[in-house]
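Remarks on the overall topology
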Amino acid sequence: MFTISRRGFLAAGSVAAAGSIIPNVYPAWAATPLKLGLILPFSSVYAKLGEEIAQGLELALAEEGGTVAGRSVEVIKQDTEVNPKTAIQGANRLVKQEAVDFLVGPVSSAVAAAIRNVAHNGRTHLIVANAGHDGLSQGLCSPFIYRTSFSNWQVSAPMGTWMYKQGIRRVMLAASNYAGGTLMLKHFSESFQEAGGEIAGEVLPDLKEIQYAPFLEQIRNSGAEAVFCFFAGNAAVEFVKQYSQFGLHGNIPLYGCGFLTTSDVRPAQGEASEGIRTTLHYAETLDNPQNTAFRQAFQDRYGSAPSLYAVQGYDSGRAIVEALKTTDGNTEDKEALSRALDGIALDSPRGRMAFSRNHDPVQDIYVLEVQNGQNVVIDTAAKSLTTPTTDCTL
Amino acid sequence: MDEFLVSACVQVLNGFQLGFLYFMFAIGLSLILGVMGVVNLAHGSFYMLGAYLFYAGLQARIPPILSVLAALAAIVALSMASEKTIFRSLRDRSHLDQVLLTYGLILIANEVITMVWGPTIRSIDIPDALSGSVSIGFDREYPLYRLLVSVVGIVVGISVWLLLSFTRIGIQVRAGVFDREMTSALGVDVNLVSLLVFGFGIVLAAFAGIVAAPILSLYPGMGETILIPAIMVVILGGLGSLKGAFVASILVGMVETIGRVTLPELSNVVIYLVVAAILYLRPEGLFGARISK
């Protein structure tokens, strides 16, 4: 879609010719297309997420008429297959052979951690469009890595404080048993206990669990006033359905990270998802002009409703566009590009968004409740939240 | 103390329910391995396909019972066709060839499901008539549908047992498990027996997928989650043994359920330890024929 036009090619040729006679009059980068390397899962379990991120990004570029600060845009897609090894090879190819100006990606935290050094050592800006790996804005932070999505801490810790404020004192924890899941529980526990709350216990079903019944029995017997959980994808569907089938729904209120009820799983959960409260940085029903316009434009262009992931892709595109406008299209001076990104303030569909010192989004974290099959914002758990800069020396 | 006992009873029910689901799935896996000597890793794909066809029927507003029957009819046709074209010729191949080919079938099946229904997670609601709870005493209720899973498992088990014990074809099947070559030499049409066993086993796998669908969710690759425990059931119970598949299913379901409650840190290991211990004592499985070769 974004290829060099013939006229652009002729212009580039004449500039190159002119450049050889009169050096340093017209900067070399102005004639070359802006190259964006999408390092996303286009196959395997997260294929749908990768596709939506790419669509959101392309929408942001299309709104600029396909050129950014006078440069045409070339998008190169690289499939990570959600496999860190494949992703490293792909990222290396994009950085070394294709010499992309930006990497945009990945969905999985493991992939993000794997390609961190490719971007950092290759001095190529990486815009993280989903992976919530806390380290990326802490110990593994880099002058070249910015995140437009969230950190795991941002979508789990605020709920601890918020639930305590609602008068909840004793909470049972549940999560799929893998690093991401247990980490979310840890962040929540810390903030909930700091506020004065008590953890009744935790259950950790396997990531491929098909039988949640034994864990639900433990939750029933825990004497907790509420449950905080982290499940995503089909685990979110199965946990929520079985929670309801065993009669816990309505008796012990269910809280969680936003991914428990995002639009990829909520239709499959049906009635069982009603009343579940989660924390997240976006909701389809957010009432602001940017969100309305974005949702309409996305629907018109792709014929489907955008999800959270499309918003993250869209904002990644917006961030790149705004930064290039500041540098007047210059992507050669990496320090200047970082300064431009540092200065960005986006009117995102999610609300105001900027980058913090450790390059995470500064954003509001909402409390959502499923009402009539829709996530409705019932409160703001944290205003302009920044991830703690632990171990990040930027 | 009462509280504890009630809770223990509920966990036992949970164990039975999981065990019966494994049982329905594993019968076919075990018989196909026993009679045809084929390791069918794609067994889970038919489980997935059963669930998706049932889903498609419900989406088309076909009544649930008819949707189940239509899905099973389609599976019968598909299983017969795939037996004749693919699985029959696998009988004389090495286990490595069988594993490679049926693994390839898993990939193809998942891709086809993705192409037709997309990667989106889908789900089926429990039919209204079966969605309630029943009292099990001590002020406790248990989901009706879950109890029905066990009842259906028992009915299926008894039916298969009657088939194998009292019909001519059942006797030929058991003979085939015991010694395929000798059975063939005695004039039994081994091709027919293998076709029937394969079709029957696959239909049961698809039926397990249909029964599980309202409890679980539908997505490309859902078959692999049940395949691993089912393979354990087959090895533990002994190849081609119905009694073995039954006892091993309930044992695996129970150990997995109870293990998760009492030893959460070891819950994924406990079942393997139990299986390893049993196989050490009885390498042919609980009810397998003594290996003489």
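Refer to the preceding data block for the structure.
A few points on the structure. Since we're looking at a predicted model, the values are computed, not measured.

**Quick notes on the overall build of chain B**
If you tally the helices and strands in chain B, you get 11 helices and two strands. Its helices and strands taken in sequence order, chain B reads α-α-α-α-β-β-α-α-α-α-α-α-α from the N to the C terminus. Whereas a compact globule of 293 residues would reach a radius of gyration of roughly 19 Å, chain B reaches 19 Å, a difference of no more than 12%. With respect to the principal axes defined by its C-alpha atoms, chain B has extents near 60 × 50 × 35 Å. The 293 residues of chain B split such that 46% are buried. For chain B, restricting intrachain contacts to residue pairs at least 6 apart in sequence, the fraction spanning at least 24 positions comes to 75%.

**Description of the packing of helix 9 (residues 223–237) of chain B against helix 10 (residues 242–262) of chain B**
Residues and elements named next belong to chain B. One way to put it is that helix 9 packs onto helix 10 with a least axis distance of 8 Å and a crossing angle of 130 degrees. Classed by the angle they form, the pair helix 9 and helix 10 counts as oblique. Relative to helix 10, helix 9 is oriented so that their crossing is right-handed. Along its contact with helix 9, which presents Pro229, Met232, Val233, Val234, Leu236 and Gly237, the element helix 10 presents Gly244, Ala245, Val247, Ala248, Ser249 and Val252. Among the residues forming the contact of helix 9 with helix 10, the class breakdown is nine nonpolar, three polar and no charged.

**Here we look at the interface of chain B and chain A**
On the chain A side, the residues contacting the 25 residues of chain B number 26 residues. Elements with a minimum of two residues in the side of chain B that touches chain A: helix 1 (2–36), strand 2 (141–143), helix 9 and helix 10 of chain B. Ranked by residue count, the leading element in the side of chain B that touches chain A is helix 1 of chain B, at five residues. When grouped by side-chain class, the residues that make up the side of chain B that touches chain A number 11 nonpolar, 10 polar and four charged.

**Some details on the sheet that holds strand 6 (residues 145–147) of chain A**
All names here are of chain A. A sheet is described by the order of its strands in space; here six strands give the open sequence 2-3-1-4-5-6, paired in mixed fashion. On the outer flanks of this sheet lie strand 2 (67–68) and strand 6, each paired with one strand and no other. Pairing of strand 2 with strand 3 (residues 71–79) involves two bridges; the strand directions are antiparallel. Within the sheet, the bridge partner assigned to threonine 67 lies in strand 3 and is serine 72. Set on the sheet, helix 3 (residues 84–97) makes contact with strand 1 (34–40), strand 3 and strand 4 (102–105); between it and strand 1 the angle comes to about 180 degrees. Helix 11 (residues 308–327) contacts strand 1, strand 2, strand 4, strand 5 (125–128) and strand 6 of the sheet and is inclined by roughly 145 degrees relative to strand 5.

**Description of the environment of Asp139(B)**
Along the chain, Asp139(B) turns up in the loop between strand 1 (133–135) and strand 2. Each C-alpha atom of the pair Asp139(B) and Val6(B) lies 9.5 Å from the other, and the pair is 133 residues apart in sequence.

Cut-offs and rules
Residue positions are counted from 1 within each chain, in the order its sequence is given. By the order in which they are written, chains take letters starting at A while ligands take numbers starting at 1. It should be noted that, the model being predicted, local features are given only for residues of pLDDT at least 70 and side-chain atom pairs only at 80 or more, the latter also being counted only at that level, while totals for whole chains, interfaces and linings use all residues. For the purposes of this entry, the term helix denotes a DSSP run of H or I that reaches at least four residues, the term strand denotes a run of E that reaches at least two, and both are numbered from the N terminus. Computation of the radius of gyration draws on C-alpha atoms, with the globule rule given as 2.2 Å multiplied by the number of residues to the power 0.38. Burial is judged by counting the other C-beta atoms within 10 Å of a residue's own C-beta: 20 or more makes it buried, 12 or fewer makes it exposed, and any count in between marks it as partly exposed, with every C-beta position built from the backbone. The contact rule is simple: place each C-beta atom from the backbone, and if two of them lie within 7 Å, those residues are in contact. To define axes, lines are fitted to C-alpha atoms, for helices over the stretch in contact only, and angles between the resulting N-to-C directions are given on a 0 to 180 degree scale. Under this scheme an angle from 65 to 115 degrees is roughly perpendicular, one under 35 degrees roughly parallel, and one over 145 degrees roughly antiparallel; angles in between are oblique. Handedness of each helix crossing follows the sense of rotation of the near helix against the far helix: counterclockwise by less than a right angle gives left-handed, clockwise gives right-handed. All residues other than Ala, Val, Leu, Ile, Met, Phe, Trp, Tyr, Cys, Pro, Asp, Glu, Lys and Arg, Gly among them, are scored as polar; the first ten of these are nonpolar and the last four charged. Here the rule is simple: two strands pair whenever DSSP picks up at least two bridges between them.

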